[in-house]
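Results of the structural survey
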Amino acid sequence: MAAGGEALPRHGADVLRTLRAATAREHARVEAALGLMDPALGRRRLTDVLTRMHGFWRAAEDGLDTWAAGDPDDAAALDWPRRRRAALFAADLASLGAGPAAGTPALPPVDGTDEALGRMYVLEGSTLGGTFIDRHLATLPGLTTAGRLRAFSPYGEDTGAMWHAFRRVTRERTSDHGRVVAAASTTFRVLAAWCAPVAA
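Heads up: these notes are all about the structure in this document. Every chain is numbered independently, its residues counted from 1 as its sequence is written. Local features are withheld for residues below a pLDDT of 70 in this predicted model, meaning they are given only at 70 or higher, and side-chain atom pairs are given and counted only at 80 or more; totals for whole chains, interfaces and linings count all residues. The basis for every side-chain value is the complete set of non-hydrogen atoms in the structure, without hydrogens or water.

**Focus: helix α9 (residues 159–173)**
Over its 15 residues, α9 runs 21 Å from end to end, which matches the ideal 21 Å to within 8%, given 1.5 Å per residue. Contacts are residue-level and defined by heavy atoms, with any inter-residue pair within 4.5 Å sufficient. Only DSSP runs of H or I covering at least 4 residues are called helices, and only runs of E covering at least 2 are called strands; the numbering of each starts at the N terminus. Along its buried surface, α9 packs onto α2 (15–22), α5 (72–77), α6 (80–83) and α8 (113–138). Each residue after the first adds 1.5 Å to the expected span of a helix.

This is the structure we're talking about:
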């Protein structure tokens, strides 16, 4: 932020492009590990993946909740409470007849808004691909009895608007590209490693 609270648009305008390029490899590793677009995806494997994702989201959101308590203005700008999804993963597991995740991965603390934006880039970006996963799951006969799962596409018709709002705030509130990218890269790496035991 510039003096007087004005955004640095030139600095922030590139941060999302930088994030996408810098985390492309980690992003691909996560998608390959989860394999949620597999046409042969079954109920048992989906349950295993959701269990790992629930544990990860719990850990990721715990860190963000701590940050939000210390930076309430930035958290409000990001509409953080609406973006929480751990409870949705737990509900989806229940609909599949499974309990919540028992464990969580170790994630570094969220030291400031740059780190929060990096972590949330991973969490929020997953809602875009989640709309395709949601549609794919609806076509699999072995999963129709579970009803519609909500964690992959939590915003429904508001998905585009929520992503647009996140991009806008990220551009406005980023102060250090390197810290945002480092946080996003670490988040992707932890997610990939955490999901490795159930990799496709």
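**So, the pattern of salt bridges**
Salt-bridge detection follows one rule: a side-chain nitrogen of Lys or Arg within 4 Å of a carboxyl oxygen of Asp or Glu. Considering all chains together, one arrives at eight salt bridges under this definition. Residues Glu61 and Arg84 are paired through a salt bridge, measuring 3.9 Å at the closest nitrogen-oxygen approach. Taken together, the positions of Glu61 in helix α4 (residues 43–70) and Arg84 in the loop between α6 and α7 (86–95) put the pair 23 residues apart, joining distant regions of the chain. Note on Glu61: relative accessible area 1%, which makes it buried. Each residue is placed in one exposure class: buried if its accessible area under a 1.4 Å probe, protein chains only, is under 20% of its type's maximum, exposed if it is over 50%, and partly exposed if it falls in between. The class for Arg84 is partly exposed, based on a relative accessible area of 36%.

**Quick word on the packing of aromatic side chains**
Each Phe, Tyr or Trp ring (for Trp, its six-membered ring) is paired with any other whose centre lies within 6.5 Å, and the angle between the two planes then decides the class: stacked below 30 degrees, edge-to-face above 60, tilted in between. Throughout the structure, instances matching the rule amount to five aromatic pairs. For the ring pair Tyr121 and Trp163, a centre distance of 6.2 Å and an interplane angle of 45° mean the geometry is tilted. Here the residue Tyr121 occupies a position in helix α8, and Trp163 occupies one in helix α9, the gap between them amounting to 42 residues. Each member of the pair, Tyr121 together with Trp163, is buried. Here the aromatic residues Phe56, Trp57, Phe89 and Phe152 are joined through ring pairs into a cluster of three or more. Charges are assigned to positions over rings by a cutoff of 6 Å between ring centre and Lys NZ or Arg CZ, combined with an angular limit of 35 degrees from the ring normal. Above the face of the Phe132 ring, Arg135 is positioned so that its terminal group lies 5.4 Å from the ring centre.

**Points about the side chain of Glu115**
When you line up the elements, Glu115 lands in helix α8. Residue Glu115 is classed as buried on the basis of its relative accessible area of 14%. Pairing of N or O atoms within 3.5 Å defines a polar contact, subject to two protein rules: one partner must be a possible hydrogen donor and the other a possible acceptor, and residues neighboring in sequence count only if both atoms are side-chain atoms. From its side chain, Glu115 meets the backbone nitrogen of Gly112 in a polar contact 3.2 Å long.

**Section: the environment of Pro108**
Of note, Pro108 is situated in the loop between α7 and α8. When the C-alpha atoms of Pro108 and Leu78 are compared, they prove to be 21 Å apart, with 30 residues separating the residues in sequence. Other than its neighbours up to four places away in sequence, Pro108 contacts Arg119 and Thr186.

**Observations concerning the layout of surface pockets**
Size it by volume and the largest pocket reaches roughly 790 Å³. What lines the largest pocket is a set of 31 residues, among which His27, Glu31, Gly125, Ser126 and Gly129 lie closest to the centre. Secondary structure elements with two or more residues in the lining of the largest pocket: α2, α3 (24–34), α4, α8, α9 and α10 (177–195). Looking at the lining of the largest pocket element by element, the count peaks at nine residues for α8. Polar here means any residue other than Ala, Val, Leu, Ile, Met, Phe, Trp, Tyr, Cys and Pro, which are nonpolar, and Asp, Glu, Lys and Arg, which are charged; Gly is therefore polar. Its residues placed into classes, the lining of the largest pocket shows 18 nonpolar, seven polar and six charged. Method remark: on a 1 Å grid restricted to protein atoms, a set of points is classed as a cavity if a 1.4 Å probe fits but cannot get out and as a pocket if it is open with protein on both sides within 12 Å along at least five of seven lines; lining residues have an atom within 4 Å of a point. Grid points are joined across faces, edges and corners, and a volume is the space filled by probe spheres set on the points.

**Quick word on the side chain of His136**
Along the chain, His136 falls in helix α8. Taking relative accessible area as the criterion, His136 reaches 13% and is therefore assigned buried. Beyond its immediate chain neighbours, meaning those up to four positions away, His136 contacts Leu36, Met37, Asp38 and Pro39.

**A look at the packing of α8 against α9**
Interaxial distance between α8 and α9 falls to 10 Å at its minimum, and their mutual angle equals 160°. Between α8 and α9, the interaxial angle falls into the category roughly antiparallel. Read as a crossing pair, α8 and α9 show a hand that is left-handed. Packed against α8, whose contacting residues are Thr113, Asp114, Leu117, Met120, Tyr121, Glu124, Gly125, Thr127, Leu128 and Thr131, the element α9 presents Thr159, Trp163, Phe166, Thr170 and Arg173 at the interface. Between the N-to-C directions of two axes lies an angle of 0 to 180 degrees, each axis being a line fitted to C-alpha atoms and, for a helix, fitted only over the stretch in contact. Working definition: roughly parallel below 35 degrees, roughly antiparallel above 145 degrees, roughly perpendicular at 65 to 115 degrees, and oblique for all remaining angles. Helix crossings get a hand from a simple test, with the near helix turned counterclockwise from the far one by less than a right angle marking a left-handed crossing and a clockwise turn marking a right-handed one.

**Some words on the nonpolar core**
By nonpolar core is meant a set of buried Ala, Val, Leu, Ile, Met, Phe, Trp, Tyr and Cys residues that side-chain atoms within 4.5 Å join together. Counting 54 residues, the largest nonpolar core has Leu36, Leu46, Phe56, Leu137 and Phe152 as its most contacted members. Elements with a minimum of two residues in this core: α2, α3, α4, α7, α8, α9 and α10. Looking at this core, the element that brings in the most residues is α4, giving eleven residues. Beyond its immediate sequence surroundings of up to four residues, Leu36 is in contact with Leu41, Leu46, Val49, Met53, Ile133, His136 and Phe152.

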